Amino acid sequence: MITVRVPATSANLGPGFDTLGLALDLFLTVEAVSAPTTSCQFYGEGKHQLDSADNTNLILSGLNQVFQEAGETVPTLKLTVNNQIPIGKGLGSSAAAIIAGLFLGNHLLNQHFEPERMIKMAADQEGHADNAVPAIVGGLTTVMKYEEKIYYQQIKMPENITIIVAVPDFELPTYKSRQVLPETLTLAQSVANVQKACMLLAGIFNRDFRYMNKAMDDQIYQPYRKQFIPGFDEVLNSAGKAGALGVALSGAGPSIIAFAEEHPEMIGRSMAETLAEHNVSSQILYLKTNHTGVQID
Ligand code: HSE
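Counting starts from 1 at the beginning of each chain's written sequence and moves along it residue by residue. Local features are withheld for residues below a pLDDT of 70 in this predicted model, meaning they are given only at 70 or higher, and side-chain atom pairs are given and counted only at 80 or more; totals for whole chains, interfaces and linings count all residues. Side-chain descriptors were evaluated using all non-hydrogen atoms of the structure, hydrogens and water having been removed beforehand.

Caption draft 1: Expanded view of the layout of surface pockets. Lining residues are those with an atom within 4 Å of a point, where the points come from a 1 Å grid over the protein atoms alone and group into cavities, where a 1.4 Å probe fits but cannot get out, or pockets, open sets with protein on both sides within 12 Å along at least five of seven lines. Grid points are joined across faces, edges and corners, and a volume is the space filled by probe spheres set on the points. Taken as a whole, the largest pocket spans an internal volume of roughly 650 Å³. Classification used: nonpolar for Ala, Val, Leu, Ile, Met, Phe, Trp, Tyr, Cys and Pro, charged for Asp, Glu, Lys and Arg, polar for all others including Gly. The residue makeup of the lining of the largest pocket, split by class, is 17 nonpolar, 15 polar and 7 charged. When residues of the lining of the largest pocket are assigned to domains, at least three fall in each of domain 1 (2-156) and domain 2 (162-287). Either an automatic procedure or a domain database provided the assignment from which the domain bounds are taken.

What follows is the structure in structure tokens.
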């Protein structure tokens, strides 16, 4: 039996749109054994969305892609999927599914493709690399696409940081959340986001969180996306008042992510209560950074 485990991820982290991403200790696990026909059995989050063995199943589409690119025939497999990652909530569930399929396939092909190529395949399927890279390599990553190649760096997220995620009870498809974004930015907006992204990374690198709340205050996409999350500004305010170091929309949303050194439960409670005041029920997750990325046994 082969087991593939892929972490959830939170992309953007405020100012790093399509750039920054953080791997979280919440996982999609796929067990694969050889079988006469291909089948997929799902347990956990999103069972109803995922319970199919056709190409809408992203695990199978990742698996098919890697075999197709290698010019080989896909073997028939019995897949058992255990998923902890909420689907359609801005926590990298689709990247995790694609990566599970790609890496399972590459393992079956005796590591036919180099890690660099695997990253490119995952990012191409997603359309951006900010979830795919941390899901593959773990930790906090910053990615750069340069002449069609993807480059990344990892920064160590301090162990004492707890990541609080408020997961609203509704889904927000990434395409819908991207449709509302502006086509162009002004120079002033671009400069502001470069400043914030650099400040965020330098603050984390130096373990100096004094300006994290300001650095995570994105003004290029959050203002357009917050229409989808009732009480978004109030949730950010309440988390800040409860002691969060910084707060932002997680990926394309609707989840909201907060970083804390202390009192995570107070922060989580205030986020849930504020969402509830806007008639949104939510689940609060208290997570740590995953440092391993995708793992195969
Ligand atoms: N950077 C992406 C976005 C992440 O914000 O649209 C979502 O997959």
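Next, the rest of the story.
Caption draft 2: Spotlight on a nonpolar patch on the surface. To count toward a patch, a residue needs a relative accessible area above 30% and no salt bridge. Like charges then connect within 9 Å, nonpolar side chains (Val, Leu, Ile, Met, Phe, Trp, Tyr) within 5 Å. All accessibility values rest on the Shrake-Rupley procedure with a 1.4 Å probe; residue burial counts only the protein chains present in the view. Whenever Lys or Arg places a side-chain nitrogen within 4 Å of a carboxyl oxygen from Asp or Glu, that contact is recorded as a salt bridge. A contiguous nonpolar surface patch, about 320 Å² in accessible area, is contributed by Met144, Tyr146 and Tyr151. Within the secondary structure layout, tyrosine 151 lies in strand E6 (residues 149-155). Put simply, DSSP H or I for four residues or longer makes a helix, DSSP E for two residues or longer makes a strand, and each gets a number counted from the N terminus.

Caption draft 3: Local environment of the sheet that holds strand E8 (residues 246-249). DSSP calls a pair of strands paired once it identifies at least 2 bridges connecting them. Ordered by their spatial adjacency, 4 strands build an open sheet running E8-E9-E7-E10, and the pairing between neighbours is antiparallel. Edge positions in the open sheet fall to E8 and strand E10 (282-287), since each of these has one partner strand only. Direction aside, neighbouring strands of the sheet carry axes that sit 20° apart on average. With 6 bridges joining them, strand E7 (residues 162-168) and E10 adopt antiparallel strand pairing. Bridge pairing links alanine 166 to isoleucine 284 in E10. Every residue pair with non-hydrogen atoms within 4.5 Å of one another is taken to be in contact. Only the stretch in contact is used when a helix axis is fitted, and all axes are lines through C-alpha atoms; the angle between N-to-C directions ranges over 0 to 180 degrees. Sheet contacts for helix H10 (residues 232-241): E8 and strand E9 (256-260); angle to E8, the most-contacted strand, approximately 160°.

Caption draft 4: Representation of the nonpolar core in the model. We call a set of buried Ala, Val, Leu, Ile, Met, Phe, Trp, Tyr and Cys residues a nonpolar core when their side-chain atoms join them within 4.5 Å. In this scheme, a residue with accessible area under 20% of its type's maximum is buried, one over 50% is exposed, and one in between is partly exposed, where area comes from a 1.4 Å probe on protein chains only. Formed by 70 residues in total, the largest nonpolar core has its most connected members in Leu28, Leu79, Ile99 and Phe259. Element by element, the count of residues in this core is highest for helix H3 (residues 93-108), at 9 residues. The contacts of isoleucine 99, once residues within four sequence positions are left out, are Val6, Ala122, Ala132, Ala135, Ile136 and Val294.

Caption draft 5: Focus on the domain arrangement of the chain. Segmenting the chain into domains produces domain 1 (2-156) and domain 2 (162-287). For domain 1 versus domain 2, the separation of C-alpha centres amounts to 24 Å. Each side of the interface is counted separately: domain 1 has 27 residues, and domain 2 has 37 residues. Note on domain 1 versus domain 2: buried area summed over both sides is about 2300 Å², and carbon and sulfur give 64% of it. The largest per-residue losses of area from domain 1 upon contact with domain 2 belong to Pro15, Phe17 and Lys89, which jointly make up 26% of the total buried on that side. Linking aspartate 18 and arginine 178 is a salt bridge whose minimum nitrogen-to-oxygen distance equals 2.8 Å. Polar contacts, as counted here, are pairs of nitrogen or oxygen atoms within 3.5 Å of one another; within protein the pair requires one atom able to donate a hydrogen and one able to accept it, and residues that are adjacent in sequence qualify only if both atoms are side-chain atoms. Along the contact surface separating domain 1 from domain 2 lie 12 residue pairs in polar contact (both at pLDDT 80 or more). Secondary-structure elements contributing two or more residues to the side of domain 1 that touches domain 2 are strand E1 (2-11), strand E2 (20-34), helix H1 (47-50) and strand E5 (140-146). No other element matches the 5 residues that E2 contributes to the side of domain 1 that touches domain 2. For the side of domain 1 that touches domain 2, the residue count by class is 13 nonpolar, 9 polar and 5 charged. Summed over both partners, the accessible area lost on bringing two parts together, with a 1.4 Å probe, is the buried area.

Caption draft 6: Quick look at the site of the ligand. Taken together, Ala11, Asn12, Phe17, Asp18, His128, Asp130, Asn131, Thr174, Arg178, Arg225, Gly251 and Ala252 are the residues near the ligand. Between the ligand and asparagine 12 there is a distance of 2.8 Å, counted from an oxygen atom to a side-chain nitrogen or oxygen. Here an oxygen atom of the ligand and a side-chain polar atom of arginine 225 are 2.8 Å apart. Here the ligand has 260 Å² of accessible area as a free molecule, and 95% of this is covered by the chains. The pocket occupied by the ligand, as judged from atoms lying within 2 Å of grid points, is the largest pocket. Broken down by class, the residue content of the shell around the ligand amounts to 3 nonpolar, 5 polar and 4 charged. The rule for a residue being near a molecule or strand is that one of its heavy atoms must lie within 4 Å of it. Criterion for pocket placement: a molecule counts as inside a cavity or pocket if more than half of its atoms are within 2 Å of its grid points.

Caption draft 7: The pairing of E7, seen in detail. Here E7 lies mainly inside the structure; 7 of its 7 residues are buried. Burial of E7 is two-sided: the residues Thr162, Ile164, Ala166 and Pro168 facing one way and the residues Ile163, Val165 and Val167 facing the other way are all buried. Relative to E9, E7 is paired through 5 bridges, and the arrangement is antiparallel. Within E9, the residue paired with valine 165 across the bridge is isoleucine 257.

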